Amino acid sequence: QVQLQESGPGLVKPSQTLSLTCTVSGGSLITNYYYWTWIRQPPGKGLEWIGYITYSGSTRYNPSLVSRTSISRDTSKNQFTLQLNSVTPEDTAVYYCAREEPSRNWYIDYWGQGTQVSVSS
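A brief structural summary.

Quick notes on the rules
- Residues numbered from 1 in each chain as written.
- Predicted model: local features only at pLDDT ≥ 70, side-chain atom pairs only at ≥ 80, totals over all residues.
- Heavy atoms only, no water.
- Helix = DSSP H or I, 4+ residues; strand = E, 2+ residues; numbered from the N terminus.
- Rg over C-alpha atoms; globule rule 2.2 N^0.38 Å.
- Buried < 20%, exposed > 50% of the residue type's maximum accessible area, 1.4 Å probe, protein only.
- Contact = heavy atoms within 4.5 Å.
- Areas by Shrake-Rupley, 256 points an atom, 1.4 Å probe, with all protein chains shown as cover.
- Disulfide = S-S within 2.5 Å.
- Phe/Tyr/Trp six-rings, centres within 6.5 Å; stacked < 30°, edge-to-face > 60°.
- Core = buried A, V, L, I, M, F, W, Y, C linked by side-chain atoms within 4.5 Å.
- Pairing = 2+ DSSP bridges.
- Axes fitted to C-alpha atoms, helices over the stretch in contact; angles between N-to-C directions.

## So, the overall build of the chain
For the chain, the helix and strand inventory stands at zero helices and eleven strands. The N-to-C order of helical and strand elements in the chain reads β-β-β-β-β-β-β-β-β-β-β. Taken over C-alpha atoms, the radius of gyration comes to 14 Å for the chain, in line with the 14 Å a tight globule of 121 residues would show. A total of 121 residues make up the chain; the buried ones form 43% of that total. Intrachain contacts of the chain at a sequence separation of at least 6 include 54% that bridge at least 24 residues. Carbon and sulfur atoms make up 45% of the accessible area of the chain, which amounts to about 6,300 Å² in all.

Printed below as a string of structure tokens:
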């Protein structure tokens, strides 16, 4: 059973950097052919895909966020990290990490429980 757990500060000031870590247990970040993904849901809105890091370490980001986003990983700790720079109140959301299977029509088979991040001074 794969488990994902998000961690990080719940409050970030505008213009600062949001940094969240997803710790994975029961599965490895380097296992073919899974992609490890960040998704968010702003209050009252739908899910928004932020980006992913693949089993081989490649990354891809939402074009609307690419200039501010970085996803990295520490395979020794089985963790992957989201950094979102220059945040504004519009970045307030519940942030989820998840595992995707591109070979199965991008099916997400495991989700973290989500963590609320608020951007406010």
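## With respect to the state of the cysteines
All told, the structure shown has one disulfide when counted by the stated rule. Here C22 pairs with C97 through a disulfide, and the sulfurs are 2.1 Å apart. Measuring the twist about the S-S bond at about 65°, one finds the C22-C97 disulfide to be right-handed. With a gap of 75 residues between them, C22 in strand β3 (residues 18-25) and C97 in strand β9 (residues 93-101) connect regions that are remote in the sequence. Considered together, C22 and C97 belong to a single accessibility category, that of buried residues.

## As for the packing of aromatic side chains
A complete count under the given rule lists nine aromatic pairs for this structure. Where Y33 meets Y55, the ring centres are 5.3 Å apart and the plane angle is 90°; that geometry is what we call edge-to-face. You can see Y33 sitting in the loop between β3 and β4 (35-41) and its partner Y55 sitting in the loop between β5 (48-54) and β6 (59-61), a full 22 residues away along the chain. When its relative accessible area of 54% is taken as the criterion, Y33 is described as exposed. Members of the aromatic cluster, connected to one another through ring pairs, are Y33, Y35, W49, Y52, Y55 and W106.

## Details of the nonpolar core
In this structure, L18, W38, F80 and Y95 are the most contacted members of the largest nonpolar core, which totals 25 residues. Of all the elements in the fold, those that place two or more residues in this core are β3, β4, β5, β8 (79-84), β9 and β11 (115-119). At four residues, β3 tops the list of elements feeding residues into this core.

## A closer look at the sheet that holds β3
Pairing is antiparallel in the open sheet, where four strands are placed in the order β1-β3-β8-β7. Every other strand in the sheet has two partners, leaving β1 (3-7) and β7 (69-74) as the edge strands with one partner each. For this sheet, the mean angle separating the axes of adjacent strands, direction not counted, is 20°. The sheet contact formed by β3 and β8 spans six bridges and is antiparallel. The residue bridging L20 from the neighbouring strand is L82, located in β8.

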